[in-house]
Amino acid sequence: MTPTTQPPGASSSPARVVVLVSGTGTLLQALLEACVDPSYGVAVVAVGADRDRIAGLDRARDRGLPTFVVPLREHADRASWDVALAEALAEHRPDLVLSAGFMKILGPAVLGRFVVVNTHPALLPSFPGAHAVRDALAHGVRVSGCTLHRVDAGVDTGPILAQRAVAVLPDDTEESLHERIKAAERELLVQELPRLLGR
């Protein structure tokens, strides 16, 4: 992900991003809206999922984007699923893969072939895992937030690329705090993705 220099006046093609989703796709939607501006420098070229009939795929199809589904249950084990997912991703020649609420752990076939980034609803390295907002509240923190990080073989252990803080209010519930963190995640992703791709 090294920026490329262009001669004055030369046009640069948008960076190609494939997005992986497992649910409603609100992060995907924020990115799709940003990509409408040609100067943004990023294009979502396909959206993949581990299950069909989800809102995230509907958002992509509404935009006329290619979609693909690679269900874990259709493969003998996680390793063969990981290989199949890598092949599906490769068909779209991504410069970067975005895990946007994708709820499966990626393996070496994907991670060895693509740069993958993810957003997480906490200030890593604190509170990794699937219950980050609940864990932060239970711990009594006064500031939480979100992290954009590179995905590695661990669970939310990859290098931190950017973070944004979100204050925890005295009357916050898990739901109210999570909604504000989601809004910060969308802003962080849209702001940082072109920079990561040298755009």
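Residues numbered from 1 in each chain as written. Predicted model: local features only at pLDDT ≥ 70, side-chain atom pairs only at ≥ 80, totals over all residues. Heavy atoms only, no water.

## Digging into the packing of helix α5 (residues 132-139) against helix α6 (residues 174-196)
Item 1. It is the contact of α5 with α6, at a shortest axis distance of 10 Å, that shows an interaxial angle of 120°. Taken together, the axes of α5 and α6 are oblique relative to one another. In the packing of α5 onto α6, the handedness of the crossing is right-handed. Contacts from V133, R134 and L137 of α5 reach α6 at E174, L177, H178 and I181.
Item 2. Considering only residue class, the contact of α5 with α6 consists of 4 nonpolar, 1 polar and 2 charged. (Axes fitted to C-alpha atoms, helices over the stretch in contact; angles between N-to-C directions. Helix = DSSP H or I, 4+ residues; strand = E, 2+ residues; numbered from the N terminus. Parallel < 35°, antiparallel > 145°, perpendicular 65-115°, else oblique. Left-handed = near helix turned anticlockwise from the far one by under 90°. Contact = heavy atoms within 4.5 Å. Nonpolar A, V, L, I, M, F, W, Y, C, P; charged D, E, K, R; others polar.)

## A short note on the environment of L193
Item 1. Along the polypeptide, L193 turns up in helix α6.
Item 2. Owing to a relative accessible area of 0%, L193 belongs among the buried residues under this scheme.
Item 3. For the pair L193 and P128, spaced 65 residues apart in sequence, the C-alpha to C-alpha distance is 22 Å. (Buried < 20%, exposed > 50% of the residue type's maximum accessible area, 1.4 Å probe, protein only.)

## Focus: the pairing of strand β2 (residues 42-49)
When a strand is regular, its side chains alternate between the sheet's two faces.
Item 1. Taking burial as the measure, the 8 residues of β2 include 7 buried ones, the bulk of the element.
Item 2. By the bridge criterion, 7 bridges tie strand β1 (residues 15-21) to β2 in an arrangement that is parallel. Counted as the bridge partner of V21 is A49 from β2.
Item 3. What joins β1 to β2 is helix α1 (residues 26-35), and the crossover it makes is right-handed.
Item 4. Bridge analysis of β2 against strand β3 (residues 67-69) gives 3 bridges, and the strand direction is parallel. Each residue of the ladder has a partner; that of G48, found in β3, is F68.
Item 5. With helix α2 (residues 55-62) bridging β2 and its parallel neighbour β3, the resulting β-α-β unit is right-handed. (Pairing = 2+ DSSP bridges. Right-handed = clockwise from strand over helix to strand, strands pointing away.)

## Examining the nonpolar core
Item 1. In terms of nonpolar packing, the biggest core is built from 38 residues, with V19, V44, V47, L98 and L193 touching the most fellow members.
Item 2. Those elements that place two or more of their residues in this core are β1, α1, β2, α2, β4 (96-99), β6 (143-150), β7 (160-167) and α6.
Item 3. Residue contributions to this core peak at 7 residues, all from α6.
Item 4. Those residues within four positions of L98 in sequence are excluded, and the remaining contacts are V17, V18, V19, L20, L31, V117 and L189.
Item 5. Counting residues in each nonpolar core, the second largest holds 19 residues, with V45, W81, A86 and L111 among its members. (Core = buried A, V, L, I, M, F, W, Y, C linked by side-chain atoms within 4.5 Å.)

Nothing here speaks to function; it is all geometry.
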